[in-house]
Every structure is written in C-alpha cells, then in structure tokens.
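So you can see what is in the structure, the chains are spelled out below.
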Amino acid sequence: MGGFEGFNFSMPKNAKRVIIKTVLIIDVILLLVFVLANKFLLYIPYDWTFLFPIASVFIVVNAFLLLPFWLGAKRGLVLSVIILLIALAIPLYSSSIFQYEKLRALAGEIQEETFETDLQLVDLNKLPIIHADLARNLGEKKLGEIASLGSQVVAGNFTLQQIAGELFYVAPLEHAGFFKWFQNRSGTPGYLMVNATKENDARLVTELDGKPLNLKYLESAYLGSEINRYVFGQENKLGIQNYSFELDDSGRPYWIVSLYEKSVVLGGNKIVGTLIVDVQTGETKKYSVEDTPEWVDRIQPKSVVTEHLQDYGMLVHGPFNFSNKDKVRLTEGMQVLYNGSECFYYSGVTSVNRDESLVGFYLTNTRTGETTMYKVTGAIESAGVTSAEGKVQQYGYRGTYPILINLQKQPTYFITLLDKKGLIKSYAFVNVENYNVVGVGETLQQAYDDYVEILSRDSGLNFLENAMQVELEGTIDRIGMVMKNDTTIYLFTLEGNPITFIGTTEKNQTIALAKAGDRVKITYIEDLLDTITISTFENLTIQEQQNALQKEDVTHLPNAAQNEGIKDQASESESKNESEVDSKGLTEAK
C-alpha cells in the first residue's frame, strides 16, 4: 500500500489532471454510445432496476480509476472496494436467498380444484389436431401458391388464438430480407390463418372490409418500422416482453406487447399491463392488465409464468431445503390450452427426482396469471407420448406434444401421430392415470371409440361408474352401412335428432335387421360429438312382432292340448275294450 501511496504522491499534478480528464472524456463517449445503442439495438428501459447491471459496472470501474487520484491512494482504494461490495450486495439481496417468500408470492394464491368438474368436457370437433410445425408447413404451402408473393415475403411466427369460437394459428407476412423490405416499405400484404381443428384449412388474408392490408411494423422491417425499435420509442420505462400477433374480432391485426416491472428489488418480473400496436398504422394504446380488451388472449408471457411456477415449487420451505421436502418442479414444455372461451398455460408437475410420475398439473390463465392446481397422479407428458408411439411402432410414427383434455371425466392426453414427413397419420388418446390405456385410430372417431372401449374394460379407472351413459328411444329415420377393414359399420339417424349413431354387428347383431321406421332403444356414452358410437341396440319393433307371435302361440295352446287329451282318452278306452275282449275270450276257452 505504501508503494501505491508513493506512486500517487510522486505523480505530478498535471499528469493526474490529464488522466482524470482522459477518463472523463472516455466516460462521456461511452455514455453517448450506450444511449445510441440502447435506442436502436439494446432497448433497456430507463429505470434503475433495469439499468443497475450496466451502471454498477460503469461506476465501479470509474471508482478504481479516479478515486485514488482524487482522494489519495489509500482512501480512494478503500472507497472503491466499498462501492464494489455494494454493487455485489444489491443483486445478492435480490436473490432467492433473501427474497424467497416474495418470489414465491409472485405465482399468486394457487387454489386446488377438481379436474372432473372444473375442466370442461372436450368437444372433439374443436380439438386442435394441427400442431405448430404443421401449421407453418400449411401456411407456407398456401403462400407458395402465389409465385410473385412467395418470393417477396415469408411466414412469421404463428400464434394460436381463438377467433369467433374457432382455434386458428395466425402469423404476419414478414419481409424476406432487407432489399425486399426496401422495395415494399409500406408493408407486407396481409397475414396467414391456419385452422387448428381441420386439416388443409389455410387462408391468406390480404383484404379487410374491402381494403388491402399493409402490415408495416414488423420484426423483419428496418429503421423506424422495426417493431422492437418502434415500441421502445413509445414505452421506455417498463420492461417489454412477448410480441404476440393477434387479431381482434373484426380480423384487424395487432401486436400485443406485455409490459413488466421488477417487483422484488432487481428481480421478480411482474406483468403490469399491455401495449397494443396496430400493425398497419402504428397507433398504440396502453392498458392495465384488467382493462386490456377481451379479444386479447395472451397477456402473461410463457417465460414469466414458468419462472413464477418454478420459484413456487422449488422455494418451498426456503432456499436451504436440501432434503427437498415438498419440492416439485415443472415437466418439460408448457402448452397453450383452451377451456371454453378462456386461454390457459398447461404445465405438468412432478417431483424433483425427475421420475416419470405426475403429481398434478397447473392451469394458468394467460390474461390474469391466476393459477389453479389439479392433483392427478399418473404419467408425465413424455411417457404418454412414448406409450402412444409404442402402439404404432411398426410404422415409426412420432407423437406431438400432448394436449390435456377432459374426456368422459378422465384426464387424457391427446396426441397427433405424424410420419417422417410431418403429415398426420393417426390420433391417440392416452389415459393420464394409466398410460397403458391407449386408443389409436386413423380418425378422431376411431381413436375415441378404441379409447372408450379399453377404458370400459379397465375396472381400476371406474370409467363406467363415472361416465354419463344415456338411454334413448326413437324411430329410425335413415340407415345405411359401409365396409371398413372387413367390418360392417351401420350408420343411422333418429327422427328429430341431429346425431349420427354408429354401430356394428360385433356388439349388436340385430342392427343388421333394422330399417327405416323401426322403433329402437339405444344406449351410448354422452359426449359432444356429432357422430356417436352406441353401446347397446334394441329393435323394439322386432321385439313387438316376436311378442305378438308368442302370444298367438299361447292362445292356440289349450285347443291343441285338449285334442291331445281326447286322443289319449280314446286310446285308453280302446285299450280297455281290447282287454275286456281278451279276458272274455280266455274265459270261454276255459
């Protein structure tokens, strides 16, 4: 230290001034560079909680460079070390070591609910069979149908959204490069929509209300039209996350930007509102979470929800819970799930031991961030996919990430099975509680029927006790049959009923005798399908005819018996007379 003091005091004052001035000039240049870089590239909010990491490095370096010259070597060095310790202490104080209770509280009060009653029964007609990769392929195929357009633009990131009660993947048309943007600075000519519940339903939307679309503010644009730069120019005091491309009820495209602040010193990201940007005009409106328009599906970013739920499960009993008591973690992957008109993030919950057993799952509302816990024991998602793939292993199909659904009050994974080209080949339903119960079929109906049949045979799941079985009587309106896989399938409708019922002779042989006009009684397991496979089939008309014939036979039975009695009496009388004659003849002979 004495040597440093000697160096400090022996240095000429002019030299000290030159060094100090040089450092200050460099500081000013660095600050200017940072401001420009932040405006056009970094986009760090001008709030101390966001600027602290850069500012602390800047201050500590300047302290060690300048304070020894201003205050002397010893005092300057001591003060510099103190500043360094403060710069290190604040992030440490923000960590889970000291703030674990506040970090866990960001997940909110997690309620436990019953799966069977809280999650709506699935309507298979609205089940998203198209996954994100296939949606992109279908969208790009649609875009490629117009050669001139396909060379100018590409499909952007697809977002799953509910529009007018149907699920669609929507994506903006992005510029294919700088020169394509330069030629079309007014914007790209529309967006893509891919129906998530139907195959080959891709749409290219280039007009709205008879007017051409021009999407100007995009991720692929440059200068002031680049969406990140444009949004930072509108809001530079709050954190910005999750640029979600969504359509309002009229089909007009917007960017939904989530705004957040750091609520636990330097950590704990908390969503506080949204910034909605018109993709065409750039008009922006800022909302709180509560006031955000109802057509917006996603306010809470997936990354923020994941962080909150991980802290909630891993920080139970504090940061030093080395025994892992009551600790849980999220399974890999987080899926978007719709329950009626509400959108949720689904995430499985398992123990920290990384086994393949599920202890439950979370559903987090994508607007409010409120989370509900459902305790369901069973297989994690990857185990369910493996089980489904095992059913069709001879074809080498691969399964998509499963979607959790409520199928006949049974927690069930729905999985789409794809070939090597990514095309849909089959569907699978896997029971969460027993992943050996797997229904597979080339159509949703076949997979569903196979699944229900296997469920009904598994006594451990109490399926028949919980299933909603319906008994129905009616008159056959129309009936026909088709052959599939060497099996005769009968389809029929009942008068005044829109449902098409399906039955086979394997379970109901009398269905082969049915015709239009017959009165029948059927039973089936209630669901939301337009086509339902029946469990039992009784032809009441044939039964009435058979009963009438039996009554007719019973009516004639006394006359027949009487005739038989008369014949017997005559036979007995004849035998008696013959006996008397024989006795008389024997007496005369004597």
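Structure first, text after, so check above.
From a predicted model like this one, the values you see are computed outputs, not experimental measurements. (Residues numbered from 1 in each chain as written. Predicted model: local features only at pLDDT ≥ 70, side-chain atom pairs only at ≥ 80, totals over all residues. Heavy atoms only, no water.)

Engineer: If you had to explain the overall build of the protein chain to someone new, which residues and values would you point to?
Structural biologist: Scanning the protein chain for helices and strands turns up 15 helices and 28 strands. Considering the protein chain as a whole, with its 590 residues, one finds that 45% of them fall into the buried category. For the protein chain, the accessible surface area stands at approximately 31600 Å², while carbon and sulfur atoms represent 54% of it. (Helix = DSSP H or I, 4+ residues; strand = E, 2+ residues; numbered from the N terminus. Buried < 20%, exposed > 50% of the residue type's maximum accessible area, 1.4 Å probe, protein only. Areas by Shrake-Rupley, 256 points an atom, 1.4 Å probe, with all protein chains shown as cover.)

Engineer: I'd like a rundown of the environment of Gln408, residues and numbers included.
Structural biologist: In this fold, Gln408 is placed in the loop between strand E20 (403-407) and strand E21 (410-418). Judged by relative accessible area, Gln408 falls into the buried class, the value being 4%. Along the backbone, Gln408 and Glu116 are 292 residues apart, and their C-alpha atoms lie at a distance of 8.5 Å.

Engineer: Give a description of the sheet that holds strand E10 (residues 253-264) that names residues and reports values.
Structural biologist: Across the sheet, four strands lie side by side as E9-E10-E11-E12; this open sheet has antiparallel pairing. Either end of the sheet is taken by a strand with one partner, and the two such strands are strand E9 (239-247) and strand E12 (284-288). Between one strand and the next, the sheet's axes are offset by a mean angle of 30 degrees, whatever the strand orientation. Relative to E10, E9 is paired through seven bridges, and the arrangement is antiparallel. (Pairing = 2+ DSSP bridges. Axes fitted to C-alpha atoms, helices over the stretch in contact; angles between N-to-C directions.)

Engineer: An account of the packing of helix H3 (residues 48-71) against helix H4 (residues 73-94) is needed here, citing residue identities and associated values.
Structural biologist: Interaxial distance between H3 and H4 falls to 7 Å at its minimum, and their mutual angle equals 170 degrees. Between H3 and H4, the angle is such that the two are roughly antiparallel. Between H3, through Phe52, Ser56, Ile59, Val60, Ala63, Phe64, Leu67, Pro68 and Leu71, and H4, the contact on the second element is made entirely by Ala73, Arg75, Gly76, Leu77, Leu79, Ser80, Val81, Ile83, Leu84, Ala87, Ile90 and Pro91. In the contact of H3 with H4, the residues fall into 17 nonpolar, three polar and one charged. (Parallel < 35°, antiparallel > 145°, perpendicular 65-115°, else oblique. Contact = heavy atoms within 4.5 Å. Nonpolar A, V, L, I, M, F, W, Y, C, P; charged D, E, K, R; others polar.)

Engineer: If you had to explain the pattern of salt bridges to someone new, which residues and values would you point to?
Structural biologist: Oppositely charged side chains can form a pair if their charged atoms are brought close together. Tallied over the full model, the rule gives 10 salt bridges. Asp201 is paired through a salt bridge with Arg203; the nearest N and O atoms lie 3.3 Å apart. For Asp201, a relative accessible area of 17% translates into the label buried. Between Glu235 and Lys286 there is a salt bridge whose closest N-O contact spans 3.0 Å. You can see Glu235 sitting in the loop between helix H10 (227-234) and E9 and its partner Lys286 sitting in strand E12, a full 51 residues away along the chain. Given a relative accessible area of 52%, Lys286 falls into the exposed group. (Salt bridge = Lys/Arg side-chain N within 4 Å of Asp/Glu carboxyl O.)

Engineer: Describe a nonpolar patch on the surface, with residues and values.
Structural biologist: Residues Leu24, Trp70, Leu71, Val78, Leu79, Ile82 and Ile86 make up a contiguous nonpolar surface patch of about 600 Å² in total accessible area. Those elements giving two or more residues to the nonpolar patch turn out to be H3 and H4. Examining the composition of the nonpolar patch, we find that four residues originate from one element, H4, more than from any other. Mapped onto the fold, Val78 is located in helix H4. Judged by its relative accessible area of 45%, Val78 falls in the partly exposed class. (Patch = residues over 30% accessible without salt bridge, like charges linked within 9 Å, V, L, I, M, F, W, Y side chains within 5 Å.)

Engineer: Can you lay out the pairing of strand E23 (residues 438-441) for me, pointing to particular residues and giving the numbers?
Structural biologist: Looking along a regular strand, one sees side chains alternate from face to face of the sheet. Here E23 shows two buried faces, one formed by Val438 and Val440 and the other by Gly439 and Gly441. Examined bridge by bridge, strand E22 (residues 424-431) and E23 share four bridges and lie antiparallel to one another. Residue pairing in the sheet places Phe429 in a bridge with Gly439 of E23.

Engineer: Can you explain unusual backbone geometry? Please cite residues and give values.
Structural biologist: A positive phi angle, close to 60 degrees, is found at Asn242, a residue other than glycine. Turning to its location among the elements, Asn242 is positioned in strand E9. What makes Asn242 partly exposed here is its relative accessible area of 27%. One non-glycine residue, Asp326, lies in positive phi territory at about 60 degrees.

Engineer: Describe the side chain of Thr366, naming the residues involved and giving the relevant values.
Structural biologist: Summarising the element assignment, Thr366 is placed in the loop between strand E16 (357-365) and strand E17 (371-374). A polar contact of 2.6 Å, which involves the side chain of Thr366, links it to the backbone oxygen of Asp297. Residues in contact with Thr366, not counting those within four places in the same chain, are Asp297, Arg298, Ile299, Gln300, Cys343, Phe344 and Tyr345. (Polar contact = N/O pair within 3.5 Å; in protein donor to acceptor, adjacent residues only side chain to side chain.)

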